[in-house]
Amino acid sequence: MSIRRLSQGKAERKDPAEESEQKSQIANFEQPTRSGSTSGISEKSVTAKLKNTTEPNSSSNGDSANDEVNADLVFEAALLNYGSRKCFMLGLFLLCTSPGILNGFHVMVYVFYGYTPQHWCAIPVLEKAGWTPEQIRNISSPKPGDWSNCEYYKRNYAALEKMSYQQAMRNVESQTKRHILTDCIEFSYDLKDAQGTSVVTEWDLVCQRLALKATVQTAVSAGKFVGAFTFGMIADRFGRKVAFTTACCIYILAGPIVAFTSLYQLLIAARVFIGIAGLGAFESAYSIVSEISPPKLRSTFGVLYNQSYPAGILGVSLIAYYVRDWRNLQLCVSLPALFLVFHVWLIPESPRWLYYSGRTSRAWAIVGKYSDEDPTARHKRTSGSNRTASQKSLSARIRAAIVNCSSYLHHKEFRIRLIVCWVVWFFTAMSYYALTINSASLKTDPYVYVALSGVVEATSYVFPVPLLRVVGRRTVATGLLLTASFALLLLLIIPTNMTGWKVAASLLGRLCVSAVFSVIIIHAFELFPTVTRNTAIGTSSTMAHAGSVFAPYLVDFFAIYGWFIPSTICGLGLLLAGFLTQTLPETKDLALYDTLDDLSSRCRDHPEEKVSIKNCTLCRYLGKTRTNV
């Protein structure tokens, strides 16, 4: 799951109908809308209101506000008819969701072409003399049996290469002088049992350059962070299709650049752009399909939309099994982006965005023939329409966001809720991405592990839905976080030779961490008032991106000191997140907060709605026990 689902709050644009739609989404356990304007007007309400407003009102004095409301209802009815065609919506949904497959490709391909084989310091003179890798390690490395040898003894290898191996070893052992250890200048790799070529062997991304290996994966996460911010604004200002088209162009160009470049810096830059394109295409396409689809289909589409990502995970494991060269593998996962040309041609612009951004003529050009209104009357009305779009500059939006956020933080209850969400989202995202790329530490077949991860990912999107309907947000989130923590900490006591059990525990943790994403999004949506909701979810999304950026460094650096360290850190982080979630109030069946004053008054009148350790299930149980005694 790319921070793929946490960035929707970064740059949303609200219209007057959005709030009611968001309440409807929560009732149906759908994620909050990723990019702004959605209609909260249901099919029945549009039909009922339209009957009362389509006939002219003789007593009206031409009130422009009433005219605009009537026009909106007529447009909503036409849009409802436009999106109610089953074959059209099925085709649009498939076109919009399929780019998510590429997202799964490019995120998970790192597992295969980031593979690190056994390595040691290269001694060219001994290699030319025909010494075996084992012999070279024995005479040059302080720990020849280790997987990673980053230092070697400074000896007179030119003299040693003239001797046989046995003579050279006796010569070295007889010397009383202590030889100096120094860092490797060049590296040799054991490619005998390697999975194939990798970026590691091409640029020597080991030992002192290990951070550069983690940066290959971090680049995609950094790109998603940039894409969440920039493409939200592009979609709101220039249109959903413009944003989608831009992302597709970046996808088509950046993927092959990674495959053909000989420069590490260009590889990183291209991977950043792949991350930008992945999130840009995902978010803008979701906006298009959700803004066109009728309300009765939005919940279904919301659940199914993310299934393209695990499909990409399954696909890349199959491709990588047959294509072992990293450049050819990158080309195989990049060339399908050429099909996005057809997506750009076939996917329409969102009529809803066109209409509410002041481009009413273009909106009616798309949905006009599905309206019952007389075209002549509509033309007269739209030609005189004075609806205008909000056109704030980028700097103005940034300044407004900073001012709003700083003012909100003075509110104690809001501040505590926000900090708890930051911590929970950070550790959830960090653990998710760490488990995604941690197959090497588990010493298991990466092809099987990644394929099973895809199956687990697909399952995780569905099974929290019935739990949320019965139990509630806080309990489900806490249960998932603590179960994931237990599964990862369980790896500490499973014997290293029981690989199957280790993989099962890791996948259980992956299932729970992936599932908890959809729960914490809904919970956070309900925890904050309307006036601060975007700020809260947007900043929490930023913390989630920070966690995803940190994850590759956690896996690559700490695994050197012990395979269990990354999973243990994730397990402890999830344990903390689970306990913090217990302090939050349960929001199931609660009315949404509207303002900060509303939040304060309700917390004052209903103490159970405050963030408190008393909300903890164990604390409540102990309190009842003490009372009974």
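Residues numbered from 1 in each chain as written. Predicted model: local features only at pLDDT ≥ 70, side-chain atom pairs only at ≥ 80, totals over all residues. Heavy atoms only, no water.

A. View of the pattern of salt bridges. Considering all chains together, one arrives at nine salt bridges under this definition. Taking the shortest distance from any N to any O, the salt bridge between Glu457 and Arg510 comes out at 2.9 Å. On the criterion of sequence distance, the pair formed by Glu457 in helix α24 (residues 446-460) and Arg510 in helix α27 (residues 499-527) is long-range, its members being 53 residues apart. By relative accessible area, which is 0% here, Glu457 ends up buried. Here Glu526 makes a salt bridge to Arg473, at a shortest N to O gap of 2.7 Å. (Salt bridge = Lys/Arg side-chain N within 4 Å of Asp/Glu carboxyl O. Helix = DSSP H or I, 4+ residues; strand = E, 2+ residues; numbered from the N terminus. Buried < 20%, exposed > 50% of the residue type's maximum accessible area, 1.4 Å probe, protein only.)

B. Examining the state of the cysteines more closely. A full pass over the atoms with the stated rule returns two disulfides. Between the sulfur atoms of Cys121 and its disulfide mate Cys184 the distance is 1.6 Å. Here the S-S torsion is close to -60°, and the disulfide linking Cys121 with Cys184 is therefore left-handed. Placement of Cys121 in strand β1 (residues 119-121) and of Cys184 in the loop between β3 (181-183) and β4 (187-189) is noted, with a sequence separation of 63 residues between them. With respect to class, Cys121 is no different from Cys184; both count as buried. By sequence-ordered numbering of the bonded cysteines, the protein chain has its disulfides arranged as 1-3, 2-4. Here Cys96 is not cross-linked by a disulfide; its sulfur's nearest cysteine counterpart is in Cys248, at 10.0 Å. The exposure class of Cys96 is buried, given its relative accessible area of 1%. (Disulfide = S-S within 2.5 Å.)

C. Broad picture of the confidence of the model for the protein chain. Across the protein chain, the average pLDDT comes to 79, with 80% of residues at 70 or higher. Counted against residues more than four places away or in other chains, residues 1-42, with its pLDDT under 50, gives 156 contacts. (pLDDT = per-residue confidence, 0-100. Contact = heavy atoms within 4.5 Å.)

D. Just the packing of helix α26 (residues 473-490) against helix α29 (residues 565-582), in detail. Relative orientation of the contacting elements α26 and α29 amounts to 160°, with a least axis distance of 8 Å. One element, α26, and the other, α29, form an angle in the roughly antiparallel class. Remark: the crossing between α26 and α29 carries left-handed chirality. Residues Arg474, Ala477, Thr478, Leu481, Leu482, Ala484, Ser485, Leu488 and Leu489 of α26 lie in contact with α29, whose contacting residues are Ser567, Thr568, Cys570, Gly571, Leu572, Leu574, Leu575, Ala577, Gly578, Thr581 and Gln582. Class assignment for the residues of the contact of α26 with α29 results in 11 nonpolar, eight polar and one charged. (Axes fitted to C-alpha atoms, helices over the stretch in contact; angles between N-to-C directions. Parallel < 35°, antiparallel > 145°, perpendicular 65-115°, else oblique. Left-handed = near helix turned anticlockwise from the far one by under 90°. Nonpolar A, V, L, I, M, F, W, Y, C, P; charged D, E, K, R; others polar.)

E. Fine view of unusual backbone geometry. Despite not being glycine, Asp204 has its phi angle at roughly 50°, a positive value. Even without being glycine, Cys207 reaches a positive phi, approximately 55°. Here Cys207 is to be found in the loop between α11 (199-203) and α12 (210-238).

F. Expanded view of the side chain of Thr97. On the secondary structure map, Thr97 appears in helix α4 (residues 86-97). Under the relative-accessibility criterion, Thr97 is labelled buried at 9%. Here the side chain of Thr97 touches Tyr305 through a polar contact of 2.8 Å, landing on its backbone oxygen. (Polar contact = N/O pair within 3.5 Å; in protein donor to acceptor, adjacent residues only side chain to side chain.)

G. View of a positive patch on the surface. Together, Lys412, Arg415, Lys610 and Lys614 give the surface a local cluster of positive charge. For Lys610, the position within the fold is in the loop between α30 (596-605) and α31 (617-628). (Patch = residues over 30% accessible without salt bridge, like charges linked within 9 Å, V, L, I, M, F, W, Y side chains within 5 Å. Areas by Shrake-Rupley, 256 points an atom, 1.4 Å probe, with all protein chains shown as cover. Lys, Arg positive; Asp, Glu negative; His and termini not counted. Charge placed at Lys NZ, Arg CZ, Asp CG, Glu CD.)

H. Broad picture of the packing of aromatic side chains. Applying the stated criterion across every chain, the model contains 20 aromatic pairs. Within the aromatic cluster, the residues linked to one another by ring pairs are Phe93, Phe282, Tyr286, Phe301 and Tyr305. Here the basic side chain of Arg85 rests over the ring of Phe88, its NZ or CZ set 4.1 Å away from the ring centre. It is Arg137 that lies over the ring of Trp120; its NZ or CZ is 4.6 Å from the centre. (Phe/Tyr/Trp six-rings, centres within 6.5 Å; stacked < 30°, edge-to-face > 60°. Lys NZ or Arg CZ within 6 Å of the ring centre and 35° of its normal.)

I. Structural view of α12. Between its terminal C-alpha atoms α12 stretches 41 Å, which fits the 42 Å expected from 29 residues at 1.5 Å a residue. Backbone geometry just after α12 places Gly239 at a positive phi near 120°. (Expected span 1.5 Å × (residues − 1).)

J. Summary view of the packing of α4 against helix α14 (residues 264-292). Where α4 meets α14, the closest approach of the two axes is 9 Å, and the angle between their N-to-C directions is 165°. With respect to their mutual orientation, α4 and α14 come out roughly antiparallel. The interaxial crossing formed by α4 with α14 has left-handed handedness. Mapping the contact onto sequence places Phe88, Met89, Leu92, Phe93 and Cys96 in α4 and Ala285, Ile288, Val289 and Ile292 in α14. Among the residues forming the contact of α4 with α14, the class breakdown is nine nonpolar, no polar and no charged.

K. Looking closely at the environment of Asn81. Note on placement: Asn81 falls in helix α3 (residues 64-83). When the C-alpha atoms of Asn81 and Pro294 are compared, they prove to be 8.4 Å apart, with 213 residues separating the residues in sequence.

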